[in-house]
Amino acid sequence: MARHDKGAGPWLVLGLPIALGLAWITQGTGVVGNDHERNIHIPDELTMPLQVQAAYNGEQIFFRYRWPAERAHVYHDMLRFEDGEWIRHGNSRAGPDPDGTYEDRVAMLVDDGGVPDFGRYGGYVTVGDRMRFFSDSASPADVTAHPHLGERLGHSDVRKYLPGTRTDQHDWRSVVDADVLATQREAGYFLDLWHWRAGRSNPIGASDDQWIGEYRNSDAGSGPYTTNWDADNNRPLWMLDPEQTGQRALRWEDVTSGQVDFDGLYYLSEANRTDFDPDHDWQNGDVIPRRLLRDPAGSRGDIAVHGQARWEDGHWDVTLVRDMDTRSPLDDKAFRDQGVYDIAIAVYRNATGSRWHYVSHPHSLGLGRHADIQAQRIDGDAPDWSDDWLEMTLFYPGQVDWPLLVSRAHAGAEDIAAGTPVRPRHSEKQLALYGVEREFNDAITSRWWMTLAAGLIAMLGVTLALLPAFRPTRRGDRS
């Protein structure tokens, strides 16, 4: 008679189900949804369309951008009076502002060949180590204490910068010496940044003019806005001039309604302001913009709105104009007939700011030469825009930075080292999905290790459960 081995029963009954249960529990990607405390917010749409045109007349160059937006967000950084206090709305945050008080924007990076990697990888080259609003962003205290970024420039966060401005791509602190930075800039190792804002520049027909080197810097001069805040008294410095406008403030219900009268009053500027009156009988819901618009000056004021930039029929239509050569070679890239340039464009919509935007692949721009975008040569000072649009697809980039892309953790690092461009290898949808994956990298990695451990436990359970069946039996046990 065969011997009945009771050892296998308990293992099969208890060990195997437990092991398989652990394996089932740990399956999945680990993506658990938005986490604003870790600066994670995934947009509903990962890609969006953008139409672009360009024209030039030998003296000026024009860029036209058109993109869809459910509504126009023109209010930015507002002060609302409530129970005796002025409360700020519309500062940078993860994802869209709940009140809609964050402006729409379009930004364009331009290069003339001075930053070779930009033409191959676009804005990725500007996303360095521990950028602001990343889950692992550098602490304000560390940046403030940095001898160059903090003590010299007065910054408290890490913003866009170029790889060559650091000695170590994995350490934002490793800024090269100041004399090297100056030499790089003189050699053209910087990106020109055109930056149009629906709230902080458009109402006065202006755009901001900046450049990217070791930081996102502003051109020389003064920008199109300043801060309307009296820190000593916790109240605005200025209000609307009632003699000119018939009112001292806006109303909160109008600001949050989603409706904009572009010919009406929705901003505070040097032309319609007066000193704040603390003795006025302010009412709950009174709103004063925290930004005062002013005419930009110097190199920072080189870019203007051509015509009127408006939102209409579900689309923004924005045209910017600038001298082809601003005579500011340390701030701007000069455009010349027969020249070819690289550009990359970003759009901010749906009341989002900071890194919650959509970006493009790098594209070439030709003035009289073949390129992705061929600028129309015109006579006079107003393009007729008879040429076709370039249809772009923009994508959400997520938390993908340059240190990651050139590291062993990225399978394409060898292609980058070989100078292989990103655009022929990856579609916008692929890059958006990769960006989302990076948002949840920690959770995905943790869940992967848990799944691996559970799988090993399951294998061990099966082995222990079946082991008694394979034990050798004595001859006397056989019947």
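Placed above this text is the structure.
Remember, it's a predicted structure, so these values are computed and weren't measured experimentally.

What counts and how
Residues numbered from 1 in each chain as written. Predicted model: local features only at pLDDT ≥ 70, side-chain atom pairs only at ≥ 80, totals over all residues. Heavy atoms only, no water. Salt bridge = Lys/Arg side-chain N within 4 Å of Asp/Glu carboxyl O. Pairing = 2+ DSSP bridges. Helix = DSSP H or I, 4+ residues; strand = E, 2+ residues; numbered from the N terminus. Buried < 20%, exposed > 50% of the residue type's maximum accessible area, 1.4 Å probe, protein only. Polar contact = N/O pair within 3.5 Å; in protein donor to acceptor, adjacent residues only side chain to side chain. Contact = heavy atoms within 4.5 Å. Core = buried A, V, L, I, M, F, W, Y, C linked by side-chain atoms within 4.5 Å.

Participant: I tried to follow the pattern of salt bridges on my own but got confused; where do I start?
Facilitator: Charged atoms that come close allow side chains of opposite charge to pair. Using the criterion set out here, one finds 29 salt bridges in the structure. Here Glu82 and Arg80 are joined by a salt bridge, their closest N and O atoms 2.6 Å apart. What you see here is one network of salt bridges that share partners, running through Glu103, Arg197, Arg200, Asp208 and Arg300.

Participant: Would you mind going over the sheet that holds strand S13 (residues 286-289) with me for this structure?
Facilitator: Note on sheets: strands pair through backbone hydrogen bonds, and any given pair is parallel or antiparallel. Taken together, the four strands give an open sheet; going across it, the order is S4-S3-S13-S11, and neighbouring strands pair in antiparallel fashion. Across the chains shown, the open sheet's two edge strands, defined by having one partner strand only, are strand S4 (85-89) and strand S11 (250-251).

Participant: Explain the pairing of S13 here, please?
Facilitator: A regular strand places its side chains so that they alternate between the two faces of the sheet. With burial as the criterion, each face of S13 is covered, one bearing Asp286 and Ile288 and the other bearing Val287 and Pro289. Of the strand pairs in this sheet, S11 and S13 are connected by two bridges, and their pairing is antiparallel. Paired with Leu250 across the two strands is Val287, which belongs to S13.

Participant: Explain the side chain of His361 to me, please; I cannot follow it from the model alone.
Facilitator: With respect to the helices and strands, His361 occurs in the loop between strand S19 (358-359) and strand S20 (363-366). Within the structure, His361 has its side chain in polar contact with the backbone oxygen of His426 (distance 3.0 Å). Every residue in contact with His361, bar those within four places of it in the chain, is listed here: Ile343, Ala344, Phe395, Val422, Arg423, His426, Ser427, Glu428 and Leu431.

Participant: Mind showing me how you'd approach the environment of Pro424 here?
Facilitator: Mapped onto the elements, Pro424 comes out in the loop between helix H8 (413-417) and helix H9 (428-439). For Pro424, a relative accessible area of 69% corresponds to the exposed category. Pro424 sits 63 residues away from His361 along the chain, and the two C-alpha atoms are 10.0 Å apart.

Participant: Please clarify how the pairing of S4 should be interpreted in this entry.
Facilitator: When strand S3 (residues 78-82) meets S4, the two strands line up antiparallel, connected through five bridges. Along S4, the bridge assignment pairs Arg80 with Ile87. Counted along the chain from S3 to the antiparallel partner S4, the turn is two residues long, and its residue Asp83 has a positive phi close to 50°.

Participant: It is not clear to me how the nonpolar core should be interpreted in this structure. Could you clarify?
Facilitator: A general tendency of soluble globular proteins is for nonpolar side chains to be buried together. Counting 66 residues, the largest nonpolar core has Tyr65, Trp67, Trp194, Trp196, Trp316, Phe335 and Leu365 as its most contacted members. Looking at this core, the element that brings in the most residues is strand S1 (residues 47-56), giving five residues. By size, the runner-up hydrophobic cluster in this structure holds 25 residues, among which are Tyr348, Ile416, Val422 and Ala432.

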